[in-house]
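# Structural characterization, general
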Amino acid sequence: MKIYAIILAGGSGSRMNISIPKQLLCIAGKPVIIHSAEIFNNHPEIDGLFCISNHEFLIETKQLFQKYKIGKLIDIFPGGNTRQESSFIAVNIPFIKNEDIILLHDAARPFISPDMISSLISEVKNYGCAGTYINSTDTAAIVNDGIIIDVPERKTVFLTQTPQAFKTEIIRQCHAMALKENFQATDDAGLALKYGCTIKTVPGNINNFKITNNGDI
C-alpha cells in the first residue's frame, strides 16, 4: 500500500477577476500551490505527489514544481471543466492502485499542516474515508427561496476543509456511481457520503481557509 497526495489545481480564478489561476499567485514569496506542495513533499508518510492542473497553465505548473524542487512529484494531468471532473481524473490515475490511499487537496488552501496529514492517514486506514473539518463559529440557517426553514444547532455544524483522504477503491466506486447517475457534489466527502460511506472527521484549522476572493490574498 502506498499513500499519495493529489493537489487539485484546475480552477481559473474567475471569481477574483484575474488573468492567472489563484493557485499561481504569490504569497510570502512563493506561489500558493507550492506552499501545500512542500508540506506534502516533506511529509514522511507521503510516497508520491500528483497534480491536476488547469489545462491552460499546465506548462507553468510543471515549471513551478521543478523550480521549487518538489521531488515527490510523479506527474501532472490536465483537469476537467468542474472540480468534480478534475477529482474524477485524480482518483482514476492509472498509476495508483486500488489498495492505495489518496489525499485530495484544494490548491487554493496553502496553510495545511503536517499534523493534519498524519491524522487523516491514521483515520482513513480505519474508516476508509476521512476529512478535515472545523466548528462553525456562526449560527447557520437552512434557506429555501429566500426563506429560513431551519436553524440547526451550532454545535452540530462544521465547515469542510481539505485535505480529504480515501481508500482508492472506495472513492473510485463512488465517482463511478456519481457519473452513472449524473450526481454532482461540492466535495469528495459529500460524494462518498451520498453512496453510504462513513466519513471520519479530523480537526482542521481556522487558518486553513480557501483563497476565494481578492481580500483573501
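What counts, and where the lines are drawn
Residues numbered from 1 in each chain as written. Predicted model: local features only at pLDDT ≥ 70, side-chain atom pairs only at ≥ 80, totals over all residues. Heavy atoms only, no water. Helix = DSSP H or I, 4+ residues; strand = E, 2+ residues; numbered from the N terminus. Rg over C-alpha atoms; globule rule 2.2 N^0.38 Å. Buried < 20%, exposed > 50% of the residue type's maximum accessible area, 1.4 Å probe, protein only. Contact = heavy atoms within 4.5 Å. Lys, Arg positive; Asp, Glu negative; His and termini not counted. Charge placed at Lys NZ, Arg CZ, Asp CG, Glu CD. Arc of directions from axis to C-beta. Pairing = 2+ DSSP bridges. Axes fitted to C-alpha atoms, helices over the stretch in contact; angles between N-to-C directions. Salt bridge = Lys/Arg side-chain N within 4 Å of Asp/Glu carboxyl O. Parallel < 35°, antiparallel > 145°, perpendicular 65-115°, else oblique. Left-handed = near helix turned anticlockwise from the far one by under 90°. Nonpolar A, V, L, I, M, F, W, Y, C, P; charged D, E, K, R; others polar.

Attention now goes to the overall build of the chain. Each helix and strand in the chain was counted, giving six helices and eleven strands. Here the chain has a C-alpha radius of gyration of 17 Å; the compact-globule value for 217 residues is 17 Å, and the two agree. Viewed in the frame of its principal axes, the chain has a C-alpha envelope of about 50 × 40 × 35 Å. With 217 residues in all, the chain has 45% of them scored as buried. Pairs at least 24 residues apart make up 72% of the contacts formed inside the chain by residues separated by at least 6 positions. With 20 positive and 21 negative side-chain charges, the chain shows a separation of 4 Å between the mean positions of the two kinds.

It is worth spelling out helix α3 (residues 83-91) at this point. Buried residues of α3: Q84, S86, S87, A90 and V91, and no others. Each buried residue of α3 sits inside an arc of 155° when the element is viewed along its axis, so together they form one side. The secondary structure elements touched by the buried residues of α3 are β1 (3-9), β4 (48-53), β6 (101-106), α5 (168-181) and α6 (188-194).

So, on to the sheet that holds strand β10 (residues 158-167). Reading across the sheet, the seven strands line up as β5-β4-β1-β6-β10-β7-β11 and stay open at both edges, with mixed pairing between neighbours. Across the chains shown, the open sheet's two edge strands, defined by having one partner strand only, are β5 (73-78) and β11 (200-203). For this sheet, the mean inter-axis angle between neighbouring strands, taken without regard to orientation, is 25°. Sheet topology note: the β1/β4 ladder contains six bridges and is parallel. Bridge pairing in β4 places I6 opposite F50. Along the sheet, helix α4 (residues 114-127) makes contact with β1, β6, β7 (129-135), β10 and β11, crossing β7 at roughly 130°.

The omega torsion across T162 and P163 is 15°, close enough to zero to call that bond cis. Considering the arrangement of structural elements, one finds P163 in strand β10. Phi is positive for K69, close to 55°, though the residue is something other than glycine. Inspection of the secondary structure assignment puts K69 in the loop between α2 (58-67) and β5.

Following the criterion strictly, the structure yields six salt bridges and no others. As a salt-bridge pair, R83 and D188 come within 2.9 Å of each other at their nearest N and O atoms. In this pair, R83 sits in helix α3 while D188 sits in helix α6, placing the two residues 105 residues apart along the sequence. Its relative accessible area of 1% is what places D188 among the buried residues. Here the residues in one salt-bridge network are R83, D106, R109 and D188, joined through shared partners.

Attention now goes to the packing of helix α1 (residues 32-42) against α2. The interhelical angle for the contact between α1 and α2, taken along N-to-C directions, is 50°, at an axis separation of 11 Å. If you check the angle between α1 and α2, you find them oblique. At the point where α1 passes α2, the crossing takes the right-handed sense. Seen from α1, the contacting residues are I33, I34 and A37; seen from α2, they are T61, L64 and F65. Its residues assigned to classes, the contact of α1 with α2 shows five nonpolar, one polar and no charged.

What follows deals with the pairing of β10. Relative to β10, β6 is paired through four bridges, and the arrangement is antiparallel. Looking at β10, one finds that L103 is bridged to A165. Here β7 runs beside β10; their pairing, made up of six bridges, is antiparallel. Paired with G131 across the two strands is Q164, which belongs to β10.

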